[in-house]
Amino acid sequence: MLILSIKGEIVMDRMDWTRPNWHCDSGPADTSADAALVYDDDVKAETDHLYERVKDVILPDEWPVYAPLIAAINRLKKERGAIILAHNYMTPEIFNCVGDLSGDSLALARMAADVEEDIIVQAGVHFMAETAKIMCPDKTVLIPDMRAGCSLAESITGEDVAAIKAKYPDYPIVTYVNTSAAVKAEADVCCTSGNAVQVVEWAAKEWGTDTVILIPDEFLARNVAANTDIRILTWKGACEVHERFTAEDVEALREGHPGVVVLTHPESPVDVVRAADYAGSTAGMAAWVKNNRPAKVVLLTECSMSDNVAIENPGVKFVRPCNLCPHMKRITLQNIYDALRYNRHEVEVDETTAARARISIQRMLDLPKPDSPAQFDKDRAPVEVELV
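Residues numbered from 1 in each chain as written. Predicted model: local features only at pLDDT ≥ 70, side-chain atom pairs only at ≥ 80, totals over all residues. Heavy atoms only, no water.

**Thoughts on the overall build of the protein**
Quick reminder of the rule: Secondary structure counts use DSSP, requiring at least four H or I residues in a row for a helix and at least two E residues in a row for a strand, with both numbered from the N terminus. This radius of gyration counts C-alpha atoms alone. The globule rule is 2.2 Å times how many residues there are, raised to the power 0.38. The cut-offs for exposure are 20% and 50% of the maximum accessible area for each residue type, with area from a 1.4 Å probe on protein chains only; residues under the lower value are buried, those over the upper are exposed, and the others partly exposed. When charges are counted, neither His nor the chain ends are considered; positive counts come from Lys and Arg and negative counts from Asp and Glu. Charged groups are reduced to one reference atom each: NZ for lysine, CZ for arginine, CG for aspartic acid, CD for glutamic acid.
Helix and strand counts for the protein come out as 16 helices and 13 strands. The C-alpha radius of gyration computed for the protein amounts to 21 Å, which stays within 12% of the reference 21 Å derived for 388 residues, consistent with globular compactness. By residue count, 58% of the 388 residues in the protein fall in the buried class. For the protein, the distance from the average position of its 39 positive side-chain charges to the average position of its 61 negative side-chain charges is 2 Å.

**Points about the state of the cysteines**
To keep things clear, this is the line we draw: Whenever a pair of cysteine sulfur atoms sits within 2.5 Å, that pair is classed as a disulfide.
Under the definition given, this model contains one disulfide. The residue that forms a disulfide with Cys303 is Cys322, at a sulfur-sulfur distance of 2.3 Å. Its S-S torsion of about 85 degrees marks the bond between Cys303 and Cys322 as right-handed, since a negative value means left-handed. Taken together, the residues Cys303 in helix α14 (residues 303-312) and Cys322 in the loop between β12 (317-319) and α15 (333-342) connect sequence positions 19 residues apart. By relative accessible area, which is 1% here, Cys303 ends up buried.

**What about the pattern of salt bridges?**
The following threshold applies: For this document, the term salt bridge refers to a Lys or Arg side-chain nitrogen within 4 Å of an Asp or Glu carboxyl oxygen.
Taken as a whole and judged by the stated rule, the model has 17 salt bridges. For Glu218, the salt bridge is made with Arg222, and the minimal N-O distance between the two is 2.9 Å. Of this pair, Glu218 and Arg222 both sit in helix α10 (residues 218-225), separated by four residues, roughly a single helical turn. Ionic pairing is found between Arg320 and Asp307, a salt bridge with its closest N-O pair at 2.7 Å. Here Arg320 is found in the loop between β12 and α15, whereas its partner Asp307 is found in helix α14, with 13 residues between them in sequence. Salt bridges here are not isolated pairs; linked through shared partners, they connect Lys165, Glu186 and Arg356.

**Brief notes about the sheet that holds β12**
Applicable threshold: Note on pairing: DSSP must find at least two bridges between two strands before they are called paired. By the convention used here, residues are in contact when the closest approach between their heavy atoms is within 4.5 Å. Each axis is a line fitted through C-alpha atoms, taken for helices only over the stretch in contact, and angles between the N-to-C directions span 0 to 180 degrees.
Taken in spatial order, the four strands line up as β10-β9-β11-β12 in an open sheet, and their pairing is parallel. Two strands in the sheet have a free side with no partner beyond their single neighbour: β10 (278-279) and β12. With four bridges connecting them, strand β9 (residues 261-264) and strand β11 (residues 296-300) associate as parallel partners. The residue bridging Thr264 from the neighbouring strand is Leu300, located in β11. Those strands touched by helix α13 (residues 282-292) are β9, β10, β11 and β12, and its axis lies near 155 degrees from that of β9.

**With respect to the nonpolar core**
For soluble globular proteins, nonpolar side chains are generally found buried alongside one another. Stated precisely, the cut-off is as follows: Working definition of a nonpolar core: buried Ala, Val, Leu, Ile, Met, Phe, Trp, Tyr and Cys residues. They are joined through side-chain atoms within 4.5 Å.
Ranked by internal contacts, the top residues of the largest apolar core, which has 107 residues, are Trp63, Val224, Ile232, Leu263 and Ile336. When residues in this core are grouped by element, the largest group, nine residues, is from helix α3 (residues 63-80). The residues touching Ile336, leaving out its near neighbours within four places in the chain, are Ile73, Ile84, Ile94, Val98, Val121, Ala123, Pro144 and Ile331.

**Quick look at the packing of aromatic side chains**
Cut-off, in case you're wondering: Paired rings are identified among Phe, Tyr and Trp, the last through its six-membered ring, by centres lying within 6.5 Å, and are further divided according to the angle between planes into stacked (under 30 degrees), edge-to-face (over 60) and tilted (the rest).
As enumerated under the stated definition, the model contains four aromatic pairs in all. On the basis of an interplanar angle of 20 degrees and a centroid distance of 6.1 Å, the ring pair of Tyr168 and Tyr171 is categorised as stacked. Judged by relative accessible area, which is 14%, Tyr168 ranks as buried. Judged by its relative accessible area of 25%, Tyr171 is partly exposed. Look at Trp202 and Trp207: their rings are 6.0 Å apart centre to centre, the planes differ by 80 degrees, and that puts the pair in the edge-to-face class. A residue is classified by how much of its surface remains accessible, and Trp202, at 23% relative accessible area, is partly exposed. In this structure Trp207 comes out as partly exposed when scored by relative accessible area, which is 31%.

**A short note on helix α16 (residues 351-366)**
Definition in use: By definition here, a helix of n residues has an expected span of 1.5 Å times n minus one. Counted as a polar contact is a pair of N or O atoms within 3.5 Å, where, for protein atoms, one must be capable of donating a hydrogen and the other of accepting one, and residues adjacent in sequence contribute only when both atoms are in side chains.
With 16 residues, α16 should cover 22 Å at 1.5 Å per step; its first-to-last C-alpha distance of 22 Å lies within 8% of that length. Here α16 has its buried residues at Thr353, Ala354, Ala357, Ser360, Ile361, Met364 and Leu365. The N-terminus of α16 is capped by Asp350, whose side-chain oxygen sits 3.2 Å from the backbone nitrogen of Thr352.

**Some words on the packing of helix α6 (residues 126-135) against α16**
Going by this rule: When describing relative orientation, an angle under 35 degrees is termed roughly parallel and one over 145 degrees roughly antiparallel, while 65 to 115 degrees is termed roughly perpendicular and anything else oblique. Under this grouping Gly is polar, as are all residues other than the nonpolar Ala, Val, Leu, Ile, Met, Phe, Trp, Tyr, Cys and Pro and the charged Asp, Glu, Lys and Arg.
Their axes nearest at 9 Å, the elements α6 and α16 cross at an angle of 95 degrees. Between α6 and α16, the interaxial angle falls into the category roughly perpendicular. Taking contact as the criterion, the partners of Thr131, Ile134 and Met135 in α6 are, on α16, Ala354, Ala357, Arg358, Ile361, Gln362 and Leu365. Residues belonging to the contact of α6 with α16 are distributed by class as follows: six nonpolar, two polar and one charged.

**Things to note about the sheet that holds strand β7 (residues 211-215)**
Strand pairing within a sheet occurs via backbone hydrogen bonds; the two strands may be parallel or antiparallel. Read from one edge of the open sheet, five strands run β6-β5-β7-β8-β13, paired in parallel fashion. Since the sheet does not close on itself, it has two edges, and those belong to β6 (189-191) and β13 (386-387), each with one partner. Together, β5 (173-176), β6, β7 and β8 (231-234) form the strand contacts of helix α9 (residues 196-207), whose direction differs from that of β6 by roughly 155 degrees.

**Observations regarding the confidence of the model for the protein**
For residues with low pLDDT, the predicted coordinates do not support detailed interpretation. Under the convention used in this document: On a range of 0 to 100, pLDDT expresses the predictor's confidence in each residue.
Averaged over the protein, the pLDDT score is 90; the fraction of residues at 70 or greater is 91%. When the criterion is pLDDT under 50, residues 1-32 qualifies, and its contacts beyond four places in sequence or with other chains add up to 93 contacts.

**Thoughts on the environment of Ala123**
Here Ala123 shows up in strand β3 (residues 119-123). With a relative accessible area of 0%, Ala123 lands in the buried category. Among all residues touching Ala123, those that are not within four sequence positions of it are Ile84, Leu85, Ala86, His87, Met90, Ile94, Ile331 and Ile336.

**Remarks on the side chain of Asn96**
Mapping Asn96 onto the fold places it in the loop between α4 (92-95) and β2 (101-103). Here Asn308 takes part through its side chain, which lies 3.0 Å from a polar atom of the side chain of Asn96. Once you skip the residues sitting within four places of it in the chain, Asn96 turns out to touch Leu50, Arg53, Val54, Asn308 and Ile311.

Structure (structure tokens):
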């Protein structure tokens, strides 16, 4: 497990820790444009209210670096009629200071379908930008760095799914939204970690079968299988952030931080989910902290998630082990600014693929929206899951 910037038990006091340099290089910036981005009285006036929001997770010395870009991005959005969709794993200066709509993969998919602005900037990874383009084919969708990929999306191809369909023609294929447009086009319906059990049970009923193929995340599939009576087949893919957590990590956290509440994601191995106190999507974890207000909590997920949840929950103590997603961290204020200023980098999905993928996504979105985020029952015994 990668542990970043831990100094004992960390309360969200900005002086207790130092944020690492997470920003990945995304190519040369436009230095002539940068020259105009200075922290002056005008920028300070424009951004002071935003710093109040993030002051517990961004050091005062960092803010003058971020503030000129934040001010410029927020101006450019108005000038260009643009909106920024920010995933929960974005760093706090992006998530809280330039993101207009934010959430997990399911929330972003719903939001993308309803966006009115002409330009969408996806502060997230490539499959999210593709999803936005599929749902909004007439809009310009930009991703600040084309290299912002996903280990899950890269673990399976459309050709792989076509081969699975040929081998198992009677079983519906549910694909995690963390996949390419080509994979979604071959699948029957999409899901996210927040609705996977619901989608699997709907698909089984709709197809009149007791077996559903859930791809590509093996650990999500195994955790879903333990929470439904439907037989699950899956693919051997994994999220490089969550697969590295172990049950031993959970035990060590409890020993080192007595009384800590451990929340994890269903992309984690089954033994991690069973060892935790709660397992759910990023939206589910955020809602759990807000509703339960634990004295001390750890989120076993991507690094920026704790920052963003902490901002919404002052006074909660966050123990801060995490695993870094190198793909999410390719998105920076600088390349968001460049995307808006220079129309970088436009995401396209061919019309035939988009039309087929849209069916899979829309089937997911048409299902009843739950009253609260789904929770995985960690006490249900694991069941056998076959790999396709």
